Amino acid sequence: MLAALDLKEEILALKKARNAVILAHNYQTGDIQDVADYVGDSLGLAYHAKATDADVIVFCGVHFMAETAKIVNPGKIVVLPDADAGCSLEQSCPAPQLEAFLKANAEKNYYVIAYINCSGGVKALCDVICTSGNAVKIVNQAPADRPILFVPDENLGAWVIEQTGRKMDLWKGNCYVHVEFTRDSINRIKAEFPDALVVAHPECPQAVRLLADEVCSTEKMITFCKNAPVKDIIVVTESGMLHRLRKECPDKNLIPGPTDRCACADCRYMKMNTMQKLRDCLDTLQPRVEMEESLRARAEVPLLRMLEQSK
Ligand code: 13P
Ligand code: SF4
């Protein structure tokens, strides 16, 4: 207990000494969320990364999120506690594969929309970026006279098609965490809590989304749960979300959505960051996120377009 308190004190002291800001995604462990300056979804984190005047950004999330912070802050030091914290969606769409696909289909003149869960190389090939929090808004602003290619999440893409009525070609990628939820696993927990509402992330498969009362980004889940007229709410997303929800909605009974194998779902990448690694990266300013300048500049264009279109 004392060691954990010491670690927290050390993190706060190092943060001050480095003039650093700690940004954390809603899926980080509770202790990391509690020491962060800002906790939020990918969209909120991108805005905060753009707005900060700190010298150092410590990004407690996965690599593509820290890379996004670097893209909009080339002059700042950006570190993430564990450089191996990746994402199955990012892995499902390697930039050379997307480039080859676009070349092979050049006659289509695709307007390419990339979910932010992708590499800087993929961002550089796209027209605009979106997050789960603004995907509907961004797709609604796509030019009407061009076909859309949506990469890399086929589930988020399918949900956006349902919401907008806009036809899109979908890359076949998915989040390995959210595809673990099934119709059966959610129906079982609904049977246990018959009065509960269900909120699910749009990375879930359609069979799960159809069981949800609300489908939304992690940040919008906070508002949904705060305003829900019932006590029991089943939360169908990564387990880290429960920490913030329980803090912000103490009057609610927040129930983790189960998979067929587990009582809740953890993202192994998000959970690679620990308080010890957070302390160490503030101390050594390593591992750093670095990007070759011409790639960074190309990736910045669709990101800034997103921030503009999302206002
Ligand atoms: P949010 O943008 O909703 O926080 O989602 C990010 C993510 O990685 C979901 O798996
Ligand atoms: Fe990627 Fe899924 Fe983990 Fe989110 S939960 S970071 S989409 S693997």
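Owing to the predicted nature of the structure, the values given are computational and were not obtained by experimental measurement.

**Some details on the sheet that holds strand β11 (residues 232–236)**
Working step 1: A sheet is described by the order of its strands in space; here four strands give the open sequence β10-β9-β11-β12, paired in parallel fashion. Every interior strand has two partners, whereas the edge strands, β10 (214–215) and β12 (253–256), have only one.
Working step 2: Pairing of β11 with β12 involves four bridges; the strand directions are parallel. Following the sheet pairing, Ile233 is matched in β12 by Leu254.
Working step 3: Contacting β9 (197–200), β11 and β12, helix α10 (residues 183–192) crosses the sheet at an angle of about 165 degrees to β11.

**Regarding the confidence of the model for the chain**
Working step 1: On average, residues of the chain score 97 in pLDDT, and 99% of them reach the 70 mark or higher.
Working step 2: If you check the scores for this complex, the pTM reads 0.96 and the ipTM reads 0.98.

**Section: the sheet that holds strand β7 (residues 148–151)**
Working step 1: An order of β6-β5-β7-β8 is seen for the four strands of this open sheet, with the pairing classed as parallel. A strand with exactly one partner marks an edge of an open sheet, and here the two such strands are β6 (128–130) and β8 (168–170). When strand polarity is set aside, the average angle formed by the axes of neighbouring strands in this sheet is 30 degrees.
Working step 2: Seen against the sheet, helix α9 (residues 154–164) touches β5 (111–115), β7 and β8 and runs at an angle of roughly 165 degrees to β8.

**Examining the site of ligand 1**
Working step 1: Taken together, Asn26, Asp41, Ser42, Asn117, Thr131, Ser132, Gly133, Cys175, His201, Glu203, Ser217 and Thr218 form the complete shell of residues around ligand 1.
Working step 2: Grouping the constituent residues of the shell around ligand 1 by class yields one nonpolar, nine polar and two charged.

**Side note on the site of ligand 2**
Working step 1: Around ligand 2 sit 13 residues, and of these Cys87, Ser88, Cys175, Val177 and Cys267 come closest.
Working step 2: Per-class residue counts for the shell around ligand 2 are nine nonpolar, two polar and two charged.

**With respect to helix α12 (residues 218–227)**
Working step 1: The set of residues buried in α12 consists of Thr218, Glu219, Met221, Ile222 and Cys225. Viewed along the axis of α12, the buried residues span an arc of 155 degrees, placing them on a single side of the element.
Working step 2: Where α12 is buried, its residues touch β2 (38–40), α3 (42–51), β9, β11, α13 (241–248) and β12.

**As for unusual backbone geometry**
Working step 1: The residue after Val151, namely Pro152, is reached through a cis peptide bond having omega -15 degrees.
Working step 2: Among the structural elements, Pro152 can be located in the loop between β7 and α9.
Working step 3: Residue Pro287 is reached from Gln286 by a cis peptide bond, and omega for that bond is -5 degrees.
Working step 4: Mapped onto the elements of the fold, Pro287 is located in the loop between α14 (275–284) and α15 (293–309).
Working step 5: Even without being a glycine, Asn19 presents a positive backbone phi close to 45 degrees.
Working step 6: The residue Asn19 is located in the loop between α1 (2–17) and β1 (20–25) in this model.
Working step 7: On the neighbour-count criterion, Asn19 (10 C-beta atoms within 10 Å) is exposed.
Working step 8: Not every positive phi belongs to a glycine, and Asn109 is a case in point at roughly 55 degrees.
Working step 9: Relative to the assigned elements, Asn109 resides in the loop between α6 (95–104) and β5.

**So, the environment of Gly61**
Working step 1: Position of Gly61 relative to the elements: it lies in the loop between β3 (56–60) and α4 (63–71).
Working step 2: Residue Gly61 is classed as buried on the basis of its 26 C-beta neighbours within 10 Å.
Working step 3: Considered as a pair, Gly61 and His201 are 140 residues apart in the sequence and their alpha carbons are 17 Å apart.
Working step 4: Contact partners of Gly61, with chain neighbours within four places excluded, come to Ala24, His25, Gln28, Leu45 and Ala66.

**Some details on the pairing of β7**
Working step 1: Because side chains alternate across β7, one face comprises the buried residues Ile148 and Phe150, and the other comprises Leu149 and Val151, equally buried.
Working step 2: Taken together, the four bridges between β5 and β7 define a ladder with parallel strand orientation. What sits directly across from Val112, in β7, is Leu149.
Working step 3: Of the pairings in the sheet, the one linking β7 to β8 comprises three bridges and is parallel in character. Bridged to Leu149 within β8 is Asp169.
Working step 4: Following the chain from β7 across α9 to the adjacent parallel β8, one finds a crossover that is right-handed.

The rules we used
Residues numbered from 1 in each chain as written. Chains lettered and ligands numbered in written order. Predicted model: local features only at pLDDT ≥ 70, side-chain atom pairs only at ≥ 80, totals over all residues. Pairing = 2+ DSSP bridges. Helix = DSSP H or I, 4+ residues; strand = E, 2+ residues; numbered from the N terminus. Contact = placed C-beta atoms within 7 Å. Axes fitted to C-alpha atoms, helices over the stretch in contact; angles between N-to-C directions. pLDDT = per-residue confidence, 0-100. Near = placed C-beta within 6 Å. Nonpolar A, V, L, I, M, F, W, Y, C, P; charged D, E, K, R; others polar. Buried ≥ 20, exposed ≤ 12 C-beta atoms within 10 Å, placed from the backbone. Arc of directions from axis to C-beta. Right-handed = clockwise from strand over helix to strand, strands pointing away.

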